[in-house]
Amino acid sequence: MLEFSNVEKWYGDYHALDAINARVAAGEVVVVCGPSGSGKSTMIRTVNRLEPIQGGTIRVEGRDVHDRACNVNALRARIGFVFQQFNLFPHLSVRENVMLSPVKVGGLSRDAASALAAELLEKVGLAHKIDAMPANLSGGQQQRVAIARALAQRPPVLLFDEPTSALDPEMVGEVLAVMKQLAKEGMTMLVVTHEMGFARDVADRIWFMDQGRILEDTTPEAFFTAPAHPRAQRFLSDILRPHESTVPV
């Protein structure tokens with residue numbers, strides 16, 4: 001479904017992605033984790049060309065997405081993307097946010113798109129908010145609308161870039177519940193997240209990144225019980241063990 005082959009990405013002299021080689025099979029849920037600045041978000045943003053690459057290839061369903069002949073709008077319509085910051089259109093209702101891409105890109109009639117929006121909002125538990133404006137929704141509700149919008153083009157793969165990191169803690173669970181349900185239904189998902197409980201419970205595989213490289217590509221069981229790379233061991237030790245207080249007495 002998704003394949004990275006020797007992908008290289010630079011920001012000036014900074015080597016953001018270093019020889020990325022990895023694959024996501026159809027129906028797999030892959031969680032990407034690692035310390036801040038490790039290249040996780042950069043990598044996921046290269047898949048739909050939000051970030052250019054300087055070497056290698058990225059293929060979705062066998063197509064080279066960075067080929068100059070690739071239609072970027074058509075590509076993005078086939079790759080659902082859920083951002084950290086929701087990115088809903090504030091002047092459009094919930095219904096209209098979900099309808100926009102099927103109408104403008106997919107050529108769906110407004111009636112058909114409206115029915116699709118109702119179906120998808122029911123799926124994410126927000127049918128009762130279909131005519132609300134984004135400003136009147138909580139952060140968790142806005143992110144669930146964003147997931148419905150990403151599903152509106154029936155994409156074969158969904159990308160999530162830290163979808164819960166901008167949410168208050170009590171709203172995280174409602175978004176993760178929707179993501180877990182999508183995983184149960186067989187959606188192919190590549191998820192950048194710090195939610196280790198989700199990674200342990202839902203992921204088929206975990207990619208651990210640091211300094212622009214994938215250092216581990218393994219099962220959740222192996223990653224959480226016996227990480228092979230010393231950097232992964234240190235990462236897990238830091239996040240799973242409560243930090244000692246540094247407040248002076």
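Look up: the structure comes first, before these words.
Residues numbered from 1 in each chain as written. Predicted model: local features only at pLDDT ≥ 70, side-chain atom pairs only at ≥ 80, totals over all residues. Heavy atoms only, no water.

(A) The nonpolar core, seen in detail. Leu121, Ile147, Phe160, Met179, Leu182, Met189 and Phe223 are the most contacted members of the largest nonpolar core, which has 52 residues in total. Each residue touching phenylalanine 160, except ones within four places of it in the same chain, is listed here: Ile44, Val82, Ile147, Met179, Leu182, Met189, Leu190, Val191 and Val192. (Core = buried A, V, L, I, M, F, W, Y, C linked by side-chain atoms within 4.5 Å. Buried < 20%, exposed > 50% of the residue type's maximum accessible area, 1.4 Å probe, protein only. Contact = heavy atoms within 4.5 Å.)

(B) The pattern of salt bridges, seen in detail. Tallied over the full model, the rule gives twelve salt bridges. Among the salt bridges present, the one from arginine 45 reaches glutamate 51, with a minimum N-O distance of 4.0 Å. Here arginine 45 falls in the partly exposed class, since its relative accessible area comes to 26%. Put simply, arginine 95 and aspartate 131 hold a salt bridge, and the shortest N to O gap is 3.1 Å. Of this pair, arginine 95 sits in helix H3 (residues 94-104) while aspartate 131 sits in the loop between helix H4 (110-123) and helix H5 (139-151); the two residues are 36 residues apart in sequence, bridging distant segments of the chain. Using a relative accessible area of 52% as the deciding quantity, one classes aspartate 131 as exposed. When salt bridges that share partners are traced, they join Lys9, Arg45 and Glu51 into one network. (Salt bridge = Lys/Arg side-chain N within 4 Å of Asp/Glu carboxyl O. Helix = DSSP H or I, 4+ residues; strand = E, 2+ residues; numbered from the N terminus.)

(C) Summary view of the sheet that holds strand S9 (residues 205-210). Pairing within the open sheet is mixed, and its six strands lie in the order S6-S7-S8-S3-S9-S10. The open sheet is flanked by strand S6 (79-82) and strand S10 (213-218), the only strands paired with a single partner. Averaged over all neighbouring strand pairs, the angle between strand axes comes to 15 degrees, with direction disregarded. Pairing of strand S3 (residues 29-33) with S9, which is carried by four bridges, proceeds in the parallel orientation. In the strand pairing of S9, valine 30 is matched with arginine 205. The strands touched by H5 within the sheet are S6 and strand S7 (157-161), with S6 carrying the most contacts at an inclination of about 170 degrees. Lying on the sheet, helix H9 (residues 230-240) is in contact with S3, S9 and S10; it crosses S9 at an angle near 100 degrees. (Pairing = 2+ DSSP bridges. Axes fitted to C-alpha atoms, helices over the stretch in contact; angles between N-to-C directions.)

(D) Fine view of the packing of H3 against H5. One way to put it is that H3 packs onto H5 with a least axis distance of 8 Å and a crossing angle of 25 degrees. Between H3 and H5, the angle falls in the class roughly parallel. Our pair here, H3 against H5, has a crossing hand that is right-handed. Of the residues in H5, those touching H3 at Val94, Asn97 and Val98 are Val145, Ala148 and Arg149. Here the contact of H3 with H5 is composed, by residue class, of four nonpolar, one polar and one charged. (Parallel < 35°, antiparallel > 145°, perpendicular 65-115°, else oblique. Left-handed = near helix turned anticlockwise from the far one by under 90°. Nonpolar A, V, L, I, M, F, W, Y, C, P; charged D, E, K, R; others polar.)

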